[in-house]
Amino acid sequence: MTTRETAGTTLTEDDAARICAAADTCYPSLFDLYTRLHAAPELSRQEVTTSHLIAHELESSGFRVTREVGGYGVVAVLENGEGPTVMVRTDLDGLPIEEKTGLPYASSARGTLPGKGDVGVMHACGHDVHMTVLVGTARLLVSLRDRWRGTLVLVGQPAEEIGAGARAMIDDGLFTRFPRPDCALALHVSPSLAAGTVGIREGLFWAGCASLELLIRGVGGHGSRPHETKDPIVMAAETVLLLQTIVSREIDPVEPAVLTVGSIHGGTKGNIIPEEVLLQVNYRYFSPETDRRLRAAIERTARGVAVAAGVPEDRMPVVSEQYTGAPVRNEPELTRRLSSAFRAVLGRKNVLRVERFTYSDDFSLFGAIEPEIPLCYFLLGTSPPSQAGGWKRDVPGIHNPRFAPLPEPTITAGVKAMAAAALEALLGSSHHAEKP
């Protein structure tokens, strides 16, 4: 074995070569798994078949697997002597989007969305890629057992798209029933990056997020007698417009923040003024102060519109929280080490430093359990490189019905990067951090 370490990483040149060769060799079977997952997505909290498939794949690789953790969550453990414990997480769920990619393995799956009924379902956020990479990483690290000591914990998390899965798994004993990790790793696809590349950033990376339901309540009546009502549709319209001034007029211009009203529902007929209108509001932030300001301004604005319209006190708006999650923060030292491991297997030009994103992911919750668990979260490029060698910016993004990752080299690059990262963490953690 070559003993000279690749600069900045504990991985040897032989480690990198073995990872790259194994990832290339197993790609055909991983592509088959990917197309199966892509064609059969399931909605959040409904990941029955998906979780069984991932559990079976991990069991076949030699892991001890526990099913139905925090819903349809999967936890796979492989112990290989004394050493660090490293967790790698994937998400399992699809989105209520009808696929329009035209791919031969496109999803035609249907699901039942609570409150909405029958909907098309698609892996429009790339969780099929994430799961495939996890399985490939499991296979590679089993084949590399002669090179590491410690414990691997592979997690298939349900309900990421509704921000509920990480909390559910933690509450169901993820860190008490199973080995508690010294660090936790995850990736996410990014169509803004070329397939074969990864993007990484130390510190704050992805935004915190809150999803609220804002119930605008009025006094209903006949459309011909509006003066006898308190019209919640008019109040909802005013509220939507005023909410759009919160970021521009109440948040420091140098502090990133996003506020979106993504859904509005109310009324049944043109000549009926309804009693209620429901708004679904989502906002993103990077600091606790911005989080507090946004939440307070949303509640104040909605109430102010109602007061101005003369709504009785017992019909004031009701704000209910559907989901909240902290920003994803990459632990700097861990991230620097893993970046070096990425370069060892992908080449320096394919490891890019990227800026912050206002996407969110409840992966952040895994690092928030005291004592805090260091996290590293990175991006995996999915788009065809342009003729100039950059990446296309006209490809559909995530949560789009036409989002279609380029399978190769996306999957092989993801497996190489995640396997290298996990191996680096297993080899290096004992030298950099003590177990809690």
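Residues numbered from 1 in each chain as written. Predicted model: local features only at pLDDT ≥ 70, side-chain atom pairs only at ≥ 80, totals over all residues. Heavy atoms only, no water.

Hey, could you run me through the packing of aromatic side chains in this one?
The geometry of two aromatic rings is summed up by the distance between their centres and the angle between their planes. Overall, the coordinates contain 14 aromatic pairs when judged by the stated rule. Ring geometry for Phe 31 against Tyr 34: centres 6.5 Å apart, planes inclined by 40 degrees, an arrangement best described as tilted. One end of the pair is Phe 31 and the other is Tyr 34, both in helix H1 (residues 13-39) and three residues apart, which spans about a single turn. Centroid distance Tyr 34 to Tyr 105: 5.8 Å. Interplanar angle 70 degrees. Geometry classified as edge-to-face. (Phe/Tyr/Trp six-rings, centres within 6.5 Å; stacked < 30°, edge-to-face > 60°. Helix = DSSP H or I, 4+ residues; strand = E, 2+ residues; numbered from the N terminus.)

For this particular structure, what's the right way to read the layout of surface pockets?
Leftover empty space is mapped by rolling, across the atoms, a probe with the size of a water molecule. Approximately 1,600 Å³ is the volume found for the largest pocket. At the level of secondary structure, the elements contributing two or more residues to the lining of the largest pocket comprise strand S10 (208-217), strand S12 (257-266), strand S14 (276-285) and strand S15 (318-325). Its residues assigned to classes, the lining of the largest pocket shows 17 nonpolar, 17 polar and eight charged. Elements supplying a minimum of two residues to the lining of the second largest pocket: helix H7 (288-308) and strand S16 (328-330). When grouped by side-chain class, the residues that make up the lining of the second largest pocket number eleven nonpolar, three polar and five charged. (1 Å grid on protein atoms, 1.4 Å probe; cavity = no way out; pocket = protein on both sides within 12 Å on 5 of 7 lines; lining within 4 Å. Points joined across faces, edges and corners; volume = space filled by probe spheres on them. Nonpolar A, V, L, I, M, F, W, Y, C, P; charged D, E, K, R; others polar.)

Hey, could you run me through the sheet that holds strand S8 (residues 198-200) in this one?
Hydrogen bonding along the main chain pairs the strands of a sheet, whether they run parallel or antiparallel. Overall, mixed pairing links the eight strands, which are arranged S1-S2-S6-S3-S7-S18-S8-S17 in an open sheet. Edge positions in the sheet fall to strand S1 (64-69) and strand S17 (351-353), since each has one partner strand and no second. The sheet shows a mean angle of 25 degrees between the axes of neighbouring strands, taken without regard to direction. Across eight bridges, the pairing between strand S7 (residues 183-194) and strand S18 (residues 375-383) is parallel. In the strand pairing of S18, Leu 185 is matched with Cys 376. (Pairing = 2+ DSSP bridges. Axes fitted to C-alpha atoms, helices over the stretch in contact; angles between N-to-C directions.)

When you look at the nonpolar core in this model, what are you seeing that I'm missing?
Soluble globular proteins tend to pack their nonpolar side chains together in the buried interior. Leu 58, Phe 63, Trp 148, Leu 152, Leu 154, Leu 185 and Phe 342 are the most contacted members of the largest nonpolar core, which totals 72 residues. For Leu 185, the contacting residues outside a window of four places in its chain are Val 86, Met 87, Val 88, Arg 89, Leu 334, Leu 338, Phe 363, Cys 376, Met 418, Ala 421 and Ala 422. Val 77, Leu 193, Phe 205 and Trp 206 belong to the second-largest nonpolar core, a separate cluster that totals 26 residues. (Core = buried A, V, L, I, M, F, W, Y, C linked by side-chain atoms within 4.5 Å. Buried < 20%, exposed > 50% of the residue type's maximum accessible area, 1.4 Å probe, protein only. Contact = heavy atoms within 4.5 Å.)

Where do I start with the pattern of salt bridges in this structure?
Proximity of charged atoms lets side chains of opposite charge pair with each other. Taken as a whole, this structure holds 24 salt bridges when the rule is applied. A salt bridge links Glu 355 to Arg 353; the nearest nitrogen and oxygen atoms lie 3.7 Å apart. The exposed category is assigned to Glu 355, whose relative accessible area is 52%. With a relative accessible area of 61%, Arg 353 lands in the exposed category. (Salt bridge = Lys/Arg side-chain N within 4 Å of Asp/Glu carboxyl O.)

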